[in-house]
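So the chains spell out like this:
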Amino acid sequence: MTGYTMLRNGGAGNGGQTCMLRWSNRIRLTWLSFTLFIILVFFPLIAHYYLTTLDEADEAGKRIFGPRVGNELCEVKHVLDLCRIRESVSEELLQLEAKRQELNSEIAKLNLKIEACKKSIENAKQDLLQLKNVISQTEHSYKELMAQNQPKLSLPIRLLPEKDDTGLPPPKATRGCRLHNCLDYSRCPLTSGFPVYVYDSDQFVFGSYLDPLVKQAFQATARANVYVTENADIACLYVVLVGEMQEPVVLRPAELEKHLYSLPHWRTDGHNHVIINLSRKSDTQNLLYNVSTGRAMVAQSTFYAVQYRPGFDLVVSPLVHAMSEPNFMEIPPQVPVKRKYLFTFQGEKIESLRSSLQEARSFEEEMEGDPPADYDDRIIATLKAVQDSKLDQVLVEFTCKNQPKPSLPTEWALCGEREDRLELLKLSTFALIITPGDPRLIISSGCATRLFEALEVGAVPVVLGEQVQLPYQDMLQWNEAALVVPKPRVTEVHFLLRSLSDSDLLAMRRQGRFLWETYFSTADSIFNTVLAMIRTRIQIPAAPIREEAAAEIPHRSGKAAGTDPNMADNGDLDLGPVETEPPYASPRYLRNFTLTVTDFYRSWNSAPGPFHLFPHTPFDPVLPSEAKFLGSGTGFRPIGGGAGGSGKEFQAALGGNVPREQFTVVMLTYEREEVLMNSLERLNGLPYLNKVVVVWNSPKLPSEDLLWPDIGVPIMVVRTEKNSLNNRFLPWNEIETEAILSIDDDAHLRHDEIMFGFRVWREARDRIVGFPGRYHAWDIPHQSWLYNSNYSCELSMVLTGAAFFHKYYAYLYSYVMPQAIRDMVDEYINCEDIAMNFLVSHITRKPPIKQRKFPLKKKKFLHFRPYRTLIGKASLKMSLKYKVTSQPSRKQLMMSNSEHIQQTGYSSPGIPIMKPLDGL
């Protein structure tokens, strides 16, 4: 207890001391805080008051902290050193600033010199590259000239025959006349131009007996023919018209023969003469039967076998439209392919039939004995059986409702009037033509008239009788437009006609329409065809088609053309070298004789026919790829010397499967000088540009003070006779290249787009290759044609406001295409591009090629459709979309079709073109 008490007491004492210590510490802290507060508050106040009192003193010398003037501050002793330092530093800074400005000025001058040197170096490199290209081109040209072993052809120089006739040894019989023994070739040199002299029928007795319509039509077409000459001494051929005669005048054979032998240039045997007997009626008599025509050729619609000399005489079509053009608006369309009747036939045989329908024996029974001379009974029975079977709707009538037309013996006479027959043929898919029963009559006017009417309205002719000689059979491939069936196969005709597909039927109908329109339709076509037949037989080229003479408008050039930055930005795509050599023209008339000798079947059986000689065509044959390295490399510039390549190699050569060439820009304009000048400036530096032909379509001439840009190639300003959109397609003689770039004066195309289009066109020369597309189709609800100018993935036309095409089509548009189409263009002041697209597709049966613009600037694409190829109505639309981070490479842009198939699984019929999906 005691210890515990003491501990408590002791503990109590120690607690008192602790409290005292705590109180003393608190007092000290409080005092210290109060002291600091007094110092911090009152000392600044006192100092401020003191300083203020000193500054307000009257004596200036007592101012210590107040504002001072001048260098009073420096008078203060403790800041004098600082002032001196400040002045020294300021002077040094001013000196350094002056030196810095001087150095910057020198640096700027040096930078300008560096840029000038860089530019000079680049120019020198470019000049060196161009010089290398010139040397390379010169070496190529030199080697080609040294290796060339054939003459350079051009338009032939005309050589005329001698006035004096050399005479020919007579053949044993005129029946054996052929070209080699009855034609004097010395009067028809290859370069003579094929002069033809036409006798004036009014100067001879038989001329008064001619049908007035026939004579008038013949004289009109002879006056307009390019081959006809009035100088009989230089003529290659002499043409005389002897029929058709007026009714009832009929010259006896002896009288007609006497008149023929009295012709001034007959020269005893009539060699190099052509006797033409045109027929307007189905019963035209064979005037020249039993008439000795000597060595003269005979051209008519009716021949007997003993009279016709194969390869020498000519079977011509009847002259149905003597003095009038056929009404093309009444000709039915070519579709639908199949019409109401499968086939039709109307006719009556004036001669008594060998047997009646009831008494006709079967085909098998007749074949057991001697072959019959006439199959008409069997034909009637077979066709009646087909009609009665009602498997197909056919119409056959062997008795005319009205009086039949006069006809030759054993020939089926025509029934009704021409208008009634045409109405029935418009409903017929096929038209039966039964040849005369007399096998000695190889062709008659009645059969030729049936053939003419069938082709006119699009009924495919089916000729029963293989012995028939169809018009111009030596040159025309009738198997493409008609069916010629032997009469013994009449029982198989129905099966044969039903087996033909719609595509084959339409092809035959189209070919028949071409033959009718080109060789049969008018008096001009018949006369031109007769001359073309003889000219082709003796291998003389046709007359060159004329070119439009350009009336140049004088203008001043001198304005240095600048290049639009947008036009010059070509990205990574190499365009090709800028041609440093002078513009060169495409070769002309290289196939003058080849077309006549080796290619006459194609020229006779495809549009536009054999009547013109063109400087060049898009259908010229192309050499295989290896030929240019094995002796036929004249004019070719293979990429990388044949090894291919990209970048520099691709830029240095044009490549392709045809020799090097350039193109001509044809620009149509009308009183928009500023727009025109801007468009011309954008052509500066365009590779492979030969010249620019500006078609000035305004009657008002350009301003005299207008300064035209100098773009490095000639600019030809052509004045037109009238304001017409057809002037865009005139074949101006100033256009010296095969390739034409037709472009509007406000079109904006980059150089890379033009060059890509040019390279594509070189591989598809027979088609239009361009940029703006349109679509047309048959509108079922309105039963008319629909033309869509809005955006469409299915295209059928390419507008010629920015398109490449061959000059060959300019000739066809201006001189061969029907005038009614050009008149419609002038009437509506529109649609010339539609007419050109239809023309090219009509000739080639191919759609145009639509080239899509593609970006070349480095930028990011949100979504990218890798390929969208638009070729006519065939469009490949791929739904594959993927993200890319930069522009696709040139390798992707130029990917071949085979690579495209391997990577995508789709077969593209045309040129792969890349396009970003805008707006996604």
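The chain carries the name Exostosin like glycosyltransferase 3 in an unreviewed UniProt entry, which gives Callithrix jacchus as its organism. Per UniProt, the chain carries the Sequence similarities (unreviewed entry) text "Belongs to the glycosyltransferase 47 family."

**Student:** How should I be thinking about the overall build of the chain in this particular structure?
**Tutor:** Scanning the chain from terminus to terminus reveals 24 helices and 32 strands. Summarising the internal contacts of the chain: among those between residues at least 6 apart in sequence, 77% fall at separations of at least 24.

**Student:** Sorry, what's going on with the packing of helix α5 (residues 212–224) against helix α13 (residues 523–537) here?
**Tutor:** Packing of α5 against α13 leaves a shortest axis separation of 9 Å and a crossing angle of 65°. The chirality of how α5 crosses α13 is right-handed. Together, Ala217, Phe218, Thr221 and Ala222 of α5 and Ala523, Asp524 and Phe527 of α13 make up the contact between the two elements.

**Student:** What is the right way to look at the confidence of the model for the chain in this model?
**Tutor:** Regions with low pLDDT should not have their predicted coordinates read in detail. Per-chain confidence: the chain averages 80 in pLDDT, with 78% of residues scoring 70 or above. Counting interchain partners and residues more than four positions distant, the pLDDT-below-50 stretch residues 1–13 has zero contacts. Note that pLDDT drops below 50 for residues 855–920; the model gives that stretch 139 contacts with residues more than four away or on any other chain.

**Student:** What exactly am I supposed to notice about the side chain of asparagine 726 here?
**Tutor:** Position of asparagine 726 relative to the elements: it lies in the loop between β20 (715–719) and β21 (739–744). For asparagine 726, a relative accessible area of 8% translates into the label buried. Setting aside residues no more than four positions away along its own chain, asparagine 726 makes contact with Tyr813, Arg822, Val825 and Asp826.

**Student:** Any chance you could explain the pattern of salt bridges here in plain terms?
**Tutor:** Between side chains of opposite charge, a pair can form as their charged atoms come close. Under the counting rule described, the total for this entry stands at 37 salt bridges. Between glutamate 453 and arginine 418 there is a salt bridge, and its shortest N-O distance comes to 3.9 Å. One end of the pair, glutamate 453, is in helix α10 (residues 445–457); the other, arginine 418, is in helix α9 (residues 418–425), with 35 residues separating them in the sequence. On the basis of relative accessibility, which here comes to 3%, the residue glutamate 453 falls in the buried class.

**Student:** Sorry, what's going on with the side chain of asparagine 727 here?
**Tutor:** Here asparagine 727 shows up in the loop between β20 and β21. If near-sequence neighbours (up to four positions away) are discounted, asparagine 727 is found in contact with Val695, Asn697, Thr720, Lys722 and Trp732.

**Student:** What should I look at first to understand the pairing of strand β17 (residues 663–669) in this one?
**Tutor:** Look at any regular strand and the pattern is simple: side chains alternate between the two faces of the sheet. Burial within β17 is extensive, with seven of its seven residues counted as buried. Neither face of β17 is open: one carries Phe663, Val665, Met667 and Thr669, the other Thr664, Val666 and Leu668, and all of them are buried. Note that β17 and strand β18 (residues 689–696) share seven bridges and pair parallel. Directly across from leucine 668, in β18, lies its bridge partner valine 695. One crossover worth recording links β17 to the parallel β18 by way of helix α18 (residues 673–681), and it is right-handed. In the sheet, β17 pairs with β21 via six bridges, with the strands oriented parallel. Paired with threonine 664 across the two strands is isoleucine 740, which belongs to β21.

**Student:** How do you make sense of the packing of α9 against α10 when you look at a structure like this?
**Tutor:** Packed helix pairs are specified by the crossing angle of their axes together with the interaxial distance, meaning the distance between the axes. Close contact between α9 and α10 brings their axes to 9 Å; oriented N to C, the two are set at 50°. By the angle between their directions, the pair α9 and α10 is classed as oblique. Considering how the two elements wind past one another, α9 and α10 form a crossing that is right-handed. In this structure, α9 contributes Arg418, Arg421, Leu422 and Leu425 to the contact, and α10 contributes Phe452, Glu453, Ala454, Glu456 and Val457.

**Student:** Help me out: how do you make sense of the nonpolar core in this one?
**Tutor:** When a protein is soluble and globular, its nonpolar side chains tend to lie buried together. With 124 residues, the main nonpolar core has Phe194, Val239, Leu260, Ile276, Trp478, Tyr519 and Met836 as its most contacted residues. Broken down by element, the residue count for this core peaks at eight residues, all from α13. Leaving out residues up to four positions away in the same chain, valine 239 has contacts with Val196, Tyr197, Val198, Tyr199, Phe218, Val274, Ile276, Phe527 and Leu531. One finds Phe663, Val713, Ala747 and Val760 within the second-largest nonpolar core, a separate group that totals 38 residues.

**Student:** I tried to follow the packing of aromatic side chains on my own but got confused; where do I start?
**Tutor:** In this description, a pair of aromatic rings is defined by centroid distance and the angle of the planes. Taken as a whole and judged by the stated rule, the model has 34 aromatic pairs. Ring pairs connect the aromatic residues Tyr472, Trp478, Phe514, Tyr519, Phe520, Trp604 and Phe611, which therefore count as one cluster. In this structure, arginine 660 is placed above the aromatic ring of tyrosine 584, and the distance from its NZ or CZ to the ring centre is 4.2 Å.

**Student:** In this structure, what is going on with the state of the cysteines? I would like to understand it.
**Tutor:** What is meant by a disulfide is a covalent connection between two cysteines, made through their sulfur atoms. Inspection of every chain in the model, using the stated rule, returns three disulfides. One disulfide in the model links cysteine 400 with cysteine 415; its S-S distance is 1.7 Å. Where cysteine 400 bonds to cysteine 415 through sulfur, the torsion about that S-S bond is close to -70°, and the disulfide is left-handed. In this pair, cysteine 400 sits in the loop between β9 (395–397) and β10 (412–413) while cysteine 415 sits in the loop between β10 and α9, placing the two residues 15 residues apart along the sequence. Of the two residues, cysteine 400 and cysteine 415, both sit in the buried class. Across the chain, the way the bonded cysteines pair up, counted in sequence order, is 1-2, 3-4, 5-6.

**Student:** Where do I start with unusual backbone geometry in this structure?
**Tutor:** What you tend to see is this: most non-glycine residues have negative phi, and most peptide bonds are trans. Residue glutamate 244 is reached from glycine 243 by a cis peptide bond, and omega for that bond is 25°. Mapped onto the elements, glutamate 244 comes out in the loop between β2 (237–243) and α6 (253–261). Note that the residue after alanine 607, namely proline 608, is joined by a cis bond; omega there is 5°. Its identity is not glycine, yet threonine 410 carries a phi of approximately 65°, on the positive side. Tracing the backbone through its elements, the reader meets threonine 410 in the loop between β9 and β10. Unusually for a residue other than glycine, glutamine 539 sits at a positive phi of about 65°.

**Student:** What is the right way to look at empty space enclosed by the protein in this model?
**Tutor:** The full count for this structure, using the stated rule, is twelve cavities of 30 Å³ or more. Quantified by volume, the largest cavity comes out at close to 210 Å³. Lining the largest cavity are 19 residues, and of these Leu595, Ser603, Gly609, Pro610 and His612 lie nearest its centre. For the lining of the largest cavity, the elements supplying multiple residues, two or more each, are α13, α15 (592–597) and α16 (600–604). Looking at the lining of the largest cavity, the element that brings in the most residues is α16, giving four residues. Its residues placed into classes, the lining of the largest cavity shows ten nonpolar, seven polar and two charged. Each pocket or cavity is described by its volume, and for the second largest cavity that value is around 170 Å³. Lining the second largest cavity we find 13 residues, and of these Gln346, Arg421, Leu425, Arg450 and Glu453 sit closest to its centre. Of all the secondary-structure elements, those providing two or more residues to the lining of the second largest cavity are β7 (341–346), α9, β11 (428–434) and α10. Split by residue class, the lining of the second largest cavity holds eight nonpolar, two polar and three charged.

**Student:** Can you help me understand the sheet that holds β2 in this one?
**Tutor:** The strands that make up a sheet are held in pairs by hydrogen bonds between backbone atoms, and each pair lies either parallel or antiparallel. Judged by pairing direction, the sheet is parallel, and its five strands sit side by side in the order β1-β2-β3-β4-β6 without closing on themselves. On the outer flanks of this sheet lie β1 (196–198) and β6 (314–315), each paired with one strand and no other. By the bridge criterion, three bridges tie β1 to β2 in an arrangement that is parallel. In the sheet register, valine 196 faces β2, and the bridge partner there is leucine 237. Contacts from α5 reach β1, β2 and β3 (273–277) within the one sheet, and its direction differs from that of β2 by about 160°.

**Student:** Explain α10 here, please?
**Tutor:** Helical geometry: 3.6 residues make up each α-helical turn, so side chains three or four residues apart lie on a common side. Taking 1.5 Å of rise per residue, 13 residues should cover 18 Å, and α10 covers 19 Å from first to last C-alpha, within 8% of that figure. Just beyond α10, the residue with positive phi is glycine 458, at close to 85°.

**Student:** How should the pairing of β20 be read in this particular structure?
**Tutor:** The buried fraction of β20 amounts to four of the five residues, a majority that puts the element mostly inside the structure. One ladder, built from two bridges, connects strand β15 (residues 551–552) with β20; its direction is antiparallel. The residue of β20 that forms the bridge with alanine 551 is arginine 719.

**Student:** Can you help me understand the sheet that holds strand β13 (residues 460–464) in this one?
**Tutor:** One open sheet accounts for five strands, arranged β9-β7-β11-β13-β14; its pairing is parallel. With partners counted over all chains shown, the strands left at the sheet margins are β9 and β14 (483–485), one partner each. Going across the sheet, the axis of each strand differs from the next one's by a mean of 20°, ignoring polarity. Where β11 meets β13, five bridges bridge the pair, whose relative direction is parallel. Within β13, the residue paired with isoleucine 434 across the bridge is leucine 464. Packing against the sheet, α10 makes contact with β7, β11 and β13, and its axis sits at approximately 170° to β11.

About the cut-offs
- Residues numbered from 1 in each chain as written.
- Predicted model: local features only at pLDDT ≥ 70, side-chain atom pairs only at ≥ 80, totals over all residues.
- Heavy atoms only, no water.
- UniProt positions renumbered as here; feature names shortened; annotations may be inferred.
- Helix = DSSP H or I, 4+ residues; strand = E, 2+ residues; numbered from the N terminus.
- Contact = heavy atoms within 4.5 Å.
- Axes fitted to C-alpha atoms, helices over the stretch in contact; angles between N-to-C directions.
- Left-handed = near helix turned anticlockwise from the far one by under 90°.
- pLDDT = per-residue confidence, 0-100.
- Buried < 20%, exposed > 50% of the residue type's maximum accessible area, 1.4 Å probe, protein only.
- Salt bridge = Lys/Arg side-chain N within 4 Å of Asp/Glu carboxyl O.
- Pairing = 2+ DSSP bridges.
- Right-handed = clockwise from strand over helix to strand, strands pointing away.
- Parallel < 35°, antiparallel > 145°, perpendicular 65-115°, else oblique.
- Core = buried A, V, L, I, M, F, W, Y, C linked by side-chain atoms within 4.5 Å.
- Phe/Tyr/Trp six-rings, centres within 6.5 Å; stacked < 30°, edge-to-face > 60°.
- Lys NZ or Arg CZ within 6 Å of the ring centre and 35° of its normal.
- Disulfide = S-S within 2.5 Å.
- 1 Å grid on protein atoms, 1.4 Å probe; cavity = no way out; pocket = protein on both sides within 12 Å on 5 of 7 lines; lining within 4 Å.
- Points joined across faces, edges and corners; volume = space filled by probe spheres on them.
- Nonpolar A, V, L, I, M, F, W, Y, C, P; charged D, E, K, R; others polar.
- Expected span 1.5 Å × (residues − 1).

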